[in-house]
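Structure at a glance
Each chain, written out:
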Amino acid sequence: MTAKMKAAIFVAPGRIELAEKPIPAVGATDALVRITTTTICGTDVHILKGEYPVAKGLTVGHEPVGVIEKLGSGVSGYTEGQRVIAGAICPSFTSYACQDGVPSQDGAYLVASGQCGAHGYKATAGWRFGNIIDGTQAEYVLVPDAQANLAPVPDGLTDEQVLMCPDIMSTGFKGAENANIKIGDVVVVFAQGPIGLCATAGARLLGASLIIGVDGNDHRLGIAKQLGADVTLNFNHCDVIAEVMKLTGGRGADSAIEALGTQATFESALRVLKPGGTLSSLGVYSSDLSIPIGAFAAGLGDHTIRTALCPGGKERMRRLMRVIESGRLDLGLLVTHRYKLDDIVAAYEMFSHQRDGVLKVAIKPH
Ligand SMILES: [Zn+2]
């Protein structure tokens with residue numbers, strides 16, 4: 001008889017529900033991790049609403065914090081019972097895409113001997129948990145290519161302290177890294193949800209001298225100040241582009257980070273830039289974008305536009321946990337609500353409507 005576990009699965013648009021599933025069998029390169037804490041991401045809300053399609057019955061969630069329950073026969077250097085995290089993005093680290101420096105776009109495992117298998121690139125397919133394979137909102141999750149993806153949690157760090165590492169912190173920091181920030185730069189961060197907040201924190205760590213956080217929610221702007229924003233602008237009460245130009249003496253920002261995924265924020269991010277500036281985009285867009293030709297200097301402005309998917313892998317996770325362990329940054333204040341896995345439907349309801357000042361929820365199976 002196969003042992004069973006509880007898991008939150010996608011049933012149909014509007015329905016993510018708790019179900020019983022078999023505890024997965026562990027292959028040679030896998031690790032079975034018993035989840036102690038996970039969370040709900042904005043992307044999961046897109047899945048809930050049917051805006052991002054996943055297979056019916058798939059376990060959702062992509063942020064694992066837990067304990068190694070069982071190691072595959074080919075995985076070494078870890079011990080069962082060890083506390084670990086894994087990135088939301090779990091690449092194989094064996095494909096051409098991985099060796100080409102873009103492991104998040106890894107498609108090696110999708111088709112054994114087809115297009116993807118032939119060259120190993122597939123946009124966004126390094127994201128496996130809760131997308132291609134069963135995810136983390138469950139009692140157990142199977143971590144694929146565990147040797148490359150399991151990252152031991154340093155003693156002394158709590159689950160909630162490292163809960164942002166798998167996705168939010170990695171993504172937000174990537175936005176700052178892609179923004180080409182140099183010491184002394186002016187950086188504008190559009191949207192101060194959890195990812196934008198981490199981008200703001202990342203911009204501070206990279207040495208920006210003026211960080212301007214933009215959002216329509218004063219509570220979130222308050223958190224932005226705590227995490228590194230020098231100035232906050234509520235777009236409901238001011239003309240953000242005019243304010244940025246005023247704050248920079250008409251020069252414009254060196255970099256703008258877009259952390260929402262709408263035409264309005266993308267366009268504003270381009271409009272605040274100096275000629276030669278960098279737009280770093282993190283948003284997930286659901287319709288075609290248009291580029292304002294004036295702000296784009298008709299294509300002659302030496303602008304850089306970069307996009308990214310969250311980086312994964314154990315080295316990325318190790319570095320992020322090190323930032324927390326060293327006291328450079330505390331993201332604990334992003335965890336505003338806590339739920340049992342049994343109550344995950346209520347957690348989705350609250351999180352998806354952004355009630356009660358919620359930023360992130362911690363979900364605990366036990
Ligand atoms: Zn996510």
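What comes next is a walk through the structure. Here the residue index of a chain counts from 1 through its sequence in written order. Local features in a predicted model are, by the rule used here, given only for residues with pLDDT of at least 70; side-chain atom pairs are given and counted only at 80 or more, and totals for whole chains, interfaces and linings are based on all residues. As a convention, hydrogens and water are excluded, and side-chain values are obtained from all of the structure's heavy atoms.

**Some remarks on the nonpolar core**
Residues I85, C165, M169 and L334 are the most contacted members of the largest nonpolar core, which totals 30 residues. Breaking this core down by element, the ones donating at least two residues are helix 6 (165-178), helix 7 (194-205), helix 8 (218-227) and helix 11 (314-325). Every helix listed is a DSSP run of H or I at least four residues long, and every strand listed is a run of E at least two residues long, numbered separately from the N terminus. No other element matches helix 11, which puts five residues into this core. In this structure I85 touches P64, V65, N149, L150, A151, V153, V162, C165, P166, M317 and M321, once residues within four positions along its chain are discounted. The nonpolar core is taken to be a set of buried Ala, Val, Leu, Ile, Met, Phe, Trp, Tyr and Cys residues, with the residues joined through side-chain atoms within 4.5 Å. Accessibility here uses a 1.4 Å probe with only protein chains present; expressed as a share of the type maximum, an area under 20% marks a residue as buried, one over 50% as exposed, and anything in between as partly exposed. The contact rule is simple, with two residues in contact once any of their heavy atoms fall within 4.5 Å.

**As for the pattern of salt bridges**
Take a side-chain nitrogen of Lys or Arg and a carboxyl oxygen of Asp or Glu: if they are within 4 Å of each other, that pair is a salt bridge. Inspection of every chain in the model, using the stated rule, returns 18 salt bridges. Here D342 makes a salt bridge to K6, at a shortest N to O gap of 2.9 Å. Here D342 is found in the loop between strand 14 (335-340) and helix 12 (344-352), whereas its partner K6 is found in strand 1 (residues 4-12), with 336 residues between them in sequence. Judged by relative accessible area, which is 31%, K6 ranks as partly exposed.

**Some points on a nonpolar patch on the surface**
Judged by side-chain polarity, Y96, V102 and Y121 come together as a nonpolar surface patch covering roughly 290 Å² of accessible area. Assignment of secondary structure puts V102 in the loop between helix 2 (96-99) and helix 3 (115-119). With relative accessibility at 33%, the residue V102 sits in the partly exposed group. Exposure above 30% relative accessible area and no salt bridge define the residues that can form patches, which grow by joining like charges within 9 Å and nonpolar side chains of Val, Leu, Ile, Met, Phe, Trp and Tyr within 5 Å. Here the open area of atoms and residues is found with the Shrake-Rupley method and a 1.4 Å probe, where only the protein chains shown may cover a residue.

**Thoughts on the coordination of the zinc ion**
Those donors, C41 (SG), H62 (NE2) and D167 (OD), are the protein atoms that reach the zinc ion, and they lie 1.7 to 2.2 Å from it. Between the donor residues of the zinc ion, the gaps in sequence give the motif C-x20-H-x104-D. With C41 in the loop between strand 3 (31-39) and helix 1 (42-48) and H62 in the loop between helix 1 and strand 4 (65-71), the pair connects residues that are 21 residues apart, well separated along the chain. This pair shows no difference in class: C41 is buried, exactly as H62 is. Any N, O or S atom lying within 2.8 Å of the metal counts as a donor, with the limit raised to 3.2 Å for Na, K and Ca; because water is left out of the atom set, some sites can appear incomplete.

**Examining helix 9 (residues 240-247)**
In the analysis that follows, any N or O atom pair within 3.5 Å is treated as a polar contact, provided that within protein one partner can donate a hydrogen and the other can accept it, and provided that, for residues neighboring in sequence, both atoms belong to side chains. Measuring from the backbone nitrogen of I241 back to the side-chain oxygen at the start of helix 9 gives 3.2 Å, which picks out D239 as the cap. G249, located one to two residues past helix 9, shows a positive phi value of around 60°.

**Looking at the packing of aromatic side chains**
Between two aromatic rings, the relevant description is the distance of the centres plus the angle of the planes. Between 30 and 60 degrees the pair is tilted, below 30 it is stacked and above 60 it is edge-to-face, where a pair is any two Phe, Tyr or Trp rings, Trp via its six-membered ring, whose centres lie within 6.5 Å. What the rule picks out here adds up to two aromatic pairs. Between the aromatic rings of Y52 and W127, the centroid separation amounts to 5.2 Å while the plane-to-plane angle is 40°, which identifies the pairing as tilted. Taken together, the residues span a long stretch of sequence, with Y52 in the loop between helix 1 and strand 4 and W127 in the loop between helix 3 and strand 6 (140-143) at a distance of 75 residues. You can call Y52 partly exposed: its relative accessible area is 26%. Take W127: its relative accessible area is 7%, and that puts it in the buried class. Relative to Y285, the ring of F266 has its centre 6.1 Å away and its plane inclined at 90°; by these criteria the two rings are edge-to-face.

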